[in-house]
Amino acid sequence: NCILLVYRSLVVVHFWAPWAPQCAQMNDVMAELAKEHPQVSFVKLEAEAVPEVSEKYEISSVPTFLFFKNSQKIDQLDGAHAPELTKKVQRHASVGSFPPSGSEHPKEDLNLRLKKLIHAAPCMLFMKGTPQEPRCGFSKQMVEILNKHNIQFSSFDIFSDEEVRQGLKTYSNWPTYPQLYVSGELIGGLDIVKELEASEELDTICPKAPKLEERLKVLTNKASVMLFMKGNKQEAKCGFSKQILEILNSTGVEYETFDILEDEEVRQGLKTFSNWPTYPQLYVKGELVGGLDIVKELKENGELLPTLNGGN
């Protein structure tokens, strides 16, 4: 029994640094997950204190989480993404270590997931790292070309999910990364995108950036009172968002929320759109009211309710 437990157990290793506040937050998340999943081992490693280990596993930023089963690395997550970490722990903790060779269900589930991912945005880039921090030269060049042509794209970091990384190669019959998809169809890798750029076909194939502005206009007008926040009405994911929810709830006014953690395109785009660099952001009838400080001021001055009801 004991041997079986070890054989099946999941080990989650957090490569962290004491100077990074997001690592401390993720340590708290790990402590909560450890209570929920007593069968999972959670380990913290100070990345800079164990350079040879960090180098072996190509740890280039903190926080990074590695998932091991039977001493084999099965998954990786880069960055402070609490919902994603929770999801991965739940998924790997509930799956036995035995390969699902006798059953085709996991395969079907993965294909369904891949299909959803490649259709997640009109233009989807599967790359190593993120557009802000590409982690290979080819991915970096691909992002530069797309940005140069003002192409609106969403991306998926294949380092964050080993299952997707391997599965997509088979699914699309394309062995390398980056991979670019438009409307769910594979366009190809860097070489093909370079060819399309040279033949001036790239601009006709990929959606252009102004569409984001239209989308933001629609989103900010989605409800009479719209709050863009970290998390949602049920669960705020930062202290400022939590405070603004409490204030809005005390007014009794109907409002809707949008979770910017779920959409990087909106999260970055809205800052420029509204010329307001932080979240939460509150809109009334499509017009920006402001963040937490302004909402607090309006409440103190007795102006919040008239503002929410459409006054100036």
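Everything discussed here concerns the structure shown above.
Because the structure is predicted, anything quoted here is derived from the model rather than measured. (Residues numbered from 1 in each chain as written. Predicted model: local features only at pLDDT ≥ 70, side-chain atom pairs only at ≥ 80, totals over all residues. Heavy atoms only, no water.)

Scanning the entire structure with this criterion turns up five aromatic pairs. Measuring from ring centre to ring centre gives 5.7 Å for Phe 126 and Phe 156, while their planes differ by 40°; the resulting arrangement is tilted. With Phe 126 in strand 5 (residues 123-127) and Phe 156 in strand 6 (residues 154-157), this residue pair connects regions lying 30 residues apart in the sequence. Note on Phe 126: relative accessible area 0%, which makes it buried. Ring geometry for Phe 126 versus Tyr 181: centroids 5.4 Å apart, planes at 75°, classification edge-to-face. Placement of the pair is Phe 126 in strand 5 and Tyr 181 in strand 7 (residues 179-182), with a sequence separation of 55 residues. (Phe/Tyr/Trp six-rings, centres within 6.5 Å; stacked < 30°, edge-to-face > 60°. Helix = DSSP H or I, 4+ residues; strand = E, 2+ residues; numbered from the N terminus. Buried < 20%, exposed > 50% of the residue type's maximum accessible area, 1.4 Å probe, protein only.)

At a minimum axis distance of 10 Å, the contact between helix 11 (residues 239-251) and helix 13 (residues 292-300) shows a crossing angle of 30°. Taken together, the axis directions place helix 11 and helix 13 in an arrangement best described as roughly parallel. Classified by chirality, the crossing of helix 13 by helix 11 is left-handed. Here Phe 240, Gln 243, Ile 244, Ile 247 and Ser 250 of helix 11 lie close against helix 13, whose contacting residues are Leu 292, Val 295, Lys 296 and Lys 299. Looking at the contact of helix 11 with helix 13 residue by residue, the classes come out as five nonpolar, two polar and two charged. (Axes fitted to C-alpha atoms, helices over the stretch in contact; angles between N-to-C directions. Parallel < 35°, antiparallel > 145°, perpendicular 65-115°, else oblique. Left-handed = near helix turned anticlockwise from the far one by under 90°. Contact = heavy atoms within 4.5 Å. Nonpolar A, V, L, I, M, F, W, Y, C, P; charged D, E, K, R; others polar.)

The end-to-end C-alpha distance of helix 2 (residues 21-36) is 24 Å, a good match for the 22 Å that 16 residues give at a rise of 1.5 Å each. Contacts made by the buried residues of helix 2 are with strand 1 (10-16), strand 2 (41-46), strand 3 (64-69) and helix 4 (82-94). (Expected span 1.5 Å × (residues − 1).)

The sheet built from four strands is open, its strands ordered 6-5-7-8 with mixed pairing. At either end of the open sheet lies a strand with only one pairing partner, and these are strand 6 and strand 8 (185-188). Ignoring strand direction, the axes of neighbouring strands in this sheet form an average angle of 25°. Relative to strand 8, strand 7 runs antiparallel, the two being bridged by three bridges. Among the inter-strand pairings, Val 182 is bridged to a residue of strand 8, identified as Glu 185. Contacts from helix 7 (residues 162-172) reach strand 5, strand 6, strand 7 and strand 8 within the one sheet, and its direction differs from that of strand 7 by about 60°. (Pairing = 2+ DSSP bridges.)

For Cys 136, the position within the fold is in the loop between strand 5 and helix 6 (137-148). Along the backbone, Cys 136 and Tyr 177 are 41 residues apart, and their C-alpha atoms lie at a distance of 9.4 Å.

Inspection of the secondary structure assignment puts Ile 294 in helix 13. By relative accessible area, Ile 294 is classed as partly exposed at 28%. C-alpha separation for the pair Ile 294 and Trp 16, spaced 278 residues apart in sequence, amounts to 35 Å.

Here the focus is unusual backbone geometry. Here Tyr 177 and Pro 178 are connected by a cis peptide whose omega angle stands at 5°. Its location among the elements puts Pro 178 in the loop between helix 7 and strand 7. Omega for the bond connecting Tyr 279 with Pro 280 falls within 30 degrees of zero, at 5°, which places this linkage in the cis form. With respect to the helices and strands, Pro 280 occurs in the loop between helix 12 (264-274) and strand 11 (281-284). Unusually for a residue other than glycine, Asn 150 sits at a positive phi of about 55°. Tracing the chain through its elements places Asn 150 in the loop between helix 6 and strand 6. Positive phi values are uncommon outside glycine, yet Asn 173 reaches one of about 55°. With respect to the secondary-structure elements, Asn 173 resides in the loop between helix 7 and strand 7.

Turning to the sheet that holds strand 1, a few remarks are in order. The sheet built from four strands is open, its strands ordered 2-1-3-4 with mixed pairing. Bordering the open sheet on either side are strand 2 and strand 4 (72-78), each of which pairs with just one other strand. Averaged over all neighbouring strand pairs, the angle between strand axes comes to 20°, with direction disregarded. Judged from the six bridges that link them, strand 1 and strand 3 form a sheet pairing that is antiparallel. Of the residues in strand 3, the one forming a bridge with Phe 15 is Thr 64. Helix-sheet contacts for helix 4 involve strand 1, strand 2, strand 3 and strand 4, and the interaxial angle to strand 4 is about 160°.

Turning our eyes to something else, we now look at the environment of Ile 74. Examined against the element boundaries, Ile 74 turns out to sit in strand 4. Its relative accessible area of 26% is what places Ile 74 among the partly exposed residues. The spacing of Ile 74 and His 92 is 18 residues in sequence and 8.9 Å in space, taken between C-alpha atoms. Residues within four places of Ile 74 in sequence aside, it is in contact with Leu 10, Phe 67, Phe 68, Lys 69, His 92 and Glu 162.

Remember that the coordinates give geometry; whether it matters functionally is a separate question.
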